[in-house]
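The primary structure of each chain is shown beneath.
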Amino acid sequence: MNRQRRSDVTIAPARDRDHLTRSLIAGLSLLALSGCTALPRNPVPVDDMDRAEIPGMSGVRAWAVQIDPYFQADLVASIGQEQPGDFPLDASGYPTYHGLALSGGGSNGAFGAGILNGWTESGTRPDFKAVTGISTGALIAPFAFLGPEYDPQLKAVYTTTRTRDILERLNIFKILFRGEAFTRTTPLKQLIQTHFDADFLRAVAAAHNRGRRLYVGTTHMDAQTLVIWNMGMIANSGHPDALALFQKVVLASSSIPAAFPPVFIEVTVDGKRYDEMHTDGGTVAQVFSTAGTMDLGAAAEAAGRTDREGYRGTLYIIRNGKLGPEPQAVRRRLPEITGRAISTMIKYSAFNDLHRIRASTENEKLGFRFIAIPDDFESQADEPFDPEEMQRLFELGYKMGLSGNAWRDTPP
């Protein structure tokens, strides 16, 4: 059956945190003068990139904007895994599905954490059929996927974390002569390993086996494309490297190019081992739903539901950032001009993503709701990850999530 498909991804640089943007611009200026040599690596030959596989875990990831047979089959299988009572039934007797898409935004993720906590307190937060996350949303998504029981952990991550808990700044000599980034993310890696441990992985696998799905996006720098990872399939694989891969994907999706070092993921082609370079998914898209990797209508039909009424539901989007213009006088200095250009591109990337996803949900006959940081919120942060600022954002999100009336059904 022919069906018009709409992609919900767009291309733009990642991130909208002014402190990190300024650091990035300054560092890029230094690198332009340094002529530093490249570090060794073993990349996949260009002609073989689309054949690379994760050793022992085939089908756990897909490239955006093309229907993936593994993802499609897994989506059909998810319908058969559902248990009675997992999802409410509509008047026709079909389950009502809700999805959650979490955007990038750095420390602004505290807003999304607040939304989820307040939403739980309101008593109206649904159980999600699918959760997607990108950049800081990739860090939030696993907690949101497992449900309200993990709200306290999510709150702690986004209200007690400082910049030193995320990154270590490198001295100028390391940057110039052995650098692939301006910081080291050892603290962030430790934070991810602390929260996403073996017990957490088993909980994700259990939710996956009940028909729910968790997806995270990273940017495949070599292939210059968005890659979507089926995190529940990774968790449920039983592979001894599943936990390490799960943690690596979250780290990669959160790793701002140049500001943070890339994450290298081992792959094989015809039995030969190579590495892929992955970074912040926000380089390509600020938020995504299916990213064009699955056909929801075809999955419903394959599961025996003969019309589109067979998968009613709503997609909720949490935008961890503002959407409206933020006027200010820009000084005639290279860092300010470049930083302003990058933040503007990021803002309009998010704007475009919302409109693309809106078109996609209309095509799929799904409801659409989104929420974003209000335009009148004024940042008072003293550092990229400022606990006091993040507490303010959390409380703002909590109140909006608790009220239930802050969701909008039309992008600006």
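Scroll up to find the structure.
Not measured: the values here are computed from a predicted model. (Residues numbered from 1 in each chain as written. Predicted model: local features only at pLDDT ≥ 70, side-chain atom pairs only at ≥ 80, totals over all residues. Heavy atoms only, no water.)

### Focus on the nonpolar core
Part 1: Among the nonpolar cores identified, the biggest contains 74 residues, and L100 and W229 are the most heavily contacted of them.
Part 2: A per-element tally of this core places helix α4 (residues 136-146) first, with eight residues.
Part 3: Look past the residues within four positions of L100 in its chain and what remains in contact with it is L116, W119, F128, A130, V131, T132, A144, L315, Y316 and I318.
Part 4: Counting 16 residues, the second largest nonpolar core, distinct from the first, contains A62, F71, L75 and A299. (Core = buried A, V, L, I, M, F, W, Y, C linked by side-chain atoms within 4.5 Å. Buried < 20%, exposed > 50% of the residue type's maximum accessible area, 1.4 Å probe, protein only. Helix = DSSP H or I, 4+ residues; strand = E, 2+ residues; numbered from the N terminus. Contact = heavy atoms within 4.5 Å.)

### Describing helix α8 (residues 198-208)
Part 1: Listing the buried residues of α8 in full gives F200, L201, V204, A205, A207 and H208. Down the axis, α8 shows its buried residues gathered within 160° of arc, on one side only. Facing away from the buried side of α8, by more than 90 degrees, are the exposed residues D199 and R202.
Part 2: Where α8 starts, the residue carrying a side-chain oxygen 3.3 Å from the main-chain nitrogen of D199 turns out to be D197. (Arc of directions from axis to C-beta. Polar contact = N/O pair within 3.5 Å; in protein donor to acceptor, adjacent residues only side chain to side chain.)

### So, the pairing of strand β6 (residues 213-220)
Part 1: Of all eight residues making up β6, eight are buried, and the element is well covered by its neighbours.
Part 2: What you see with β6 is no split at all: R213, Y215, G217 and T219 on one side and L214, V216, T218 and H220 on the other are buried throughout.
Part 3: In this sheet, β6 lies alongside strand β3 (residues 130-134) in parallel orientation, the contact comprising five bridges. The residue of β6 that forms the bridge with T132 is Y215.
Part 4: By the bridge criterion, six bridges tie β6 to strand β7 (residues 225-230) in an arrangement that is antiparallel. By the bridge assignment, T218 is partnered in β7 with V227. (Pairing = 2+ DSSP bridges.)

### Describing the packing of aromatic side chains
Part 1: Scanning all chains against the criterion turns up 14 aromatic pairs.
Part 2: Centroid distance Y316 to W407: 5.1 Å. Interplanar angle 75°. Geometry classified as edge-to-face. Highlighted residues: Y316 in strand β10 (residues 313-319) and W407 in the segment after α13 (387-403), separated in sequence by 91 residues. The burial state of Y316 is the same as that of W407; both residues are buried.
Part 3: For the ring pair F368 and F370, a centre distance of 6.1 Å and an interplane angle of 50° mean the geometry is tilted. The residues F368 and F370 share a single accessibility class, namely buried.
Part 4: Pairwise contacts between aromatic rings join F143, Y150, F196, F200 and F246 into one cluster. (Phe/Tyr/Trp six-rings, centres within 6.5 Å; stacked < 30°, edge-to-face > 60°.)

### Brief notes about the pattern of salt bridges
Opposite charge on two side chains makes pairing possible when the charged atoms of those side chains draw close.
Part 1: Taken as a whole, this structure holds 18 salt bridges when the rule is applied.
Part 2: Of the charged contacts, one joins K129 and E82 as a salt bridge, the two residues approaching to 2.7 Å between their closest N and O atoms. Taken together, the residues span a long stretch of sequence, with K129 in the loop between α3 (109-122) and β3 and E82 in the loop between α2 (69-81) and β2 (97-102) at a distance of 47 residues.
Part 3: A salt bridge links E362 to R358, with the nearest nitrogen and oxygen atoms 3.4 Å apart. (Salt bridge = Lys/Arg side-chain N within 4 Å of Asp/Glu carboxyl O.)

### Some remarks on unusual backbone geometry
Part 1: Even without being glycine, S135 reaches a positive phi, approximately 60°.
Part 2: Position of S135 relative to the elements: it lies in the loop between β3 and α4.
Part 3: Of the residues examined, S135 reaches a relative accessible area of 1% and is grouped as buried.
Part 4: Of note, the phi angle at K365 is positive, near 60°, even though the residue is not glycine.
Part 5: By secondary structure assignment, the location of K365 is in the loop between α12 (334-364) and β11 (367-372).
Part 6: What makes K365 exposed here is its relative accessible area of 57%.

### A short note on the pairing of β10
Within a regular strand, side chains alternate between the sheet's two faces.
Part 1: Taking burial as the measure, the seven residues of β10 include seven buried ones, the bulk of the element.
Part 2: Going residue by residue along β10, you find G313, L315, I317 and R319 tucked away on one face and T314, Y316 and I318 tucked away on the opposite face as well.
Part 3: One ladder, built from six bridges, connects β2 with β10; its direction is parallel. Looking at β10, one finds that L102 is bridged to I318.
Part 4: Bridge analysis of β10 against β11 gives six bridges, and the strand direction is parallel. Looking at the pairing, I318 lines up with I371 of β11.
Part 5: Taking the sense of rotation as the criterion, the β-α-β connection linking β10, α12 and β11 turns out right-handed. (Right-handed = clockwise from strand over helix to strand, strands pointing away.)

### Details of helix α7 (residues 186-195)
Part 1: Looking at α7, one finds that the buried residues are P187, L188, L191, I192 and H195. Mapping the buried residues of α7 onto a view down its axis gives an arc of 140°, with all of them on the same face.

### Describing the packing of α3 against α4
Part 1: Where α3 contacts α4, the two axes come as close as 9 Å, and the packing angle between them is 20°. The angle between the axes of α3 and α4 places the two elements in the roughly parallel class. Taken as a pair, α3 and α4 cross one another with a handedness that is right-handed. The residues of α4 that touch α3, namely those facing G109, A113 and L116, are T136, I140 and A144.
Part 2: Residues of the contact of α3 with α4, tallied by class, amount to four nonpolar, two polar and no charged. (Axes fitted to C-alpha atoms, helices over the stretch in contact; angles between N-to-C directions. Parallel < 35°, antiparallel > 145°, perpendicular 65-115°, else oblique. Left-handed = near helix turned anticlockwise from the far one by under 90°. Nonpolar A, V, L, I, M, F, W, Y, C, P; charged D, E, K, R; others polar.)

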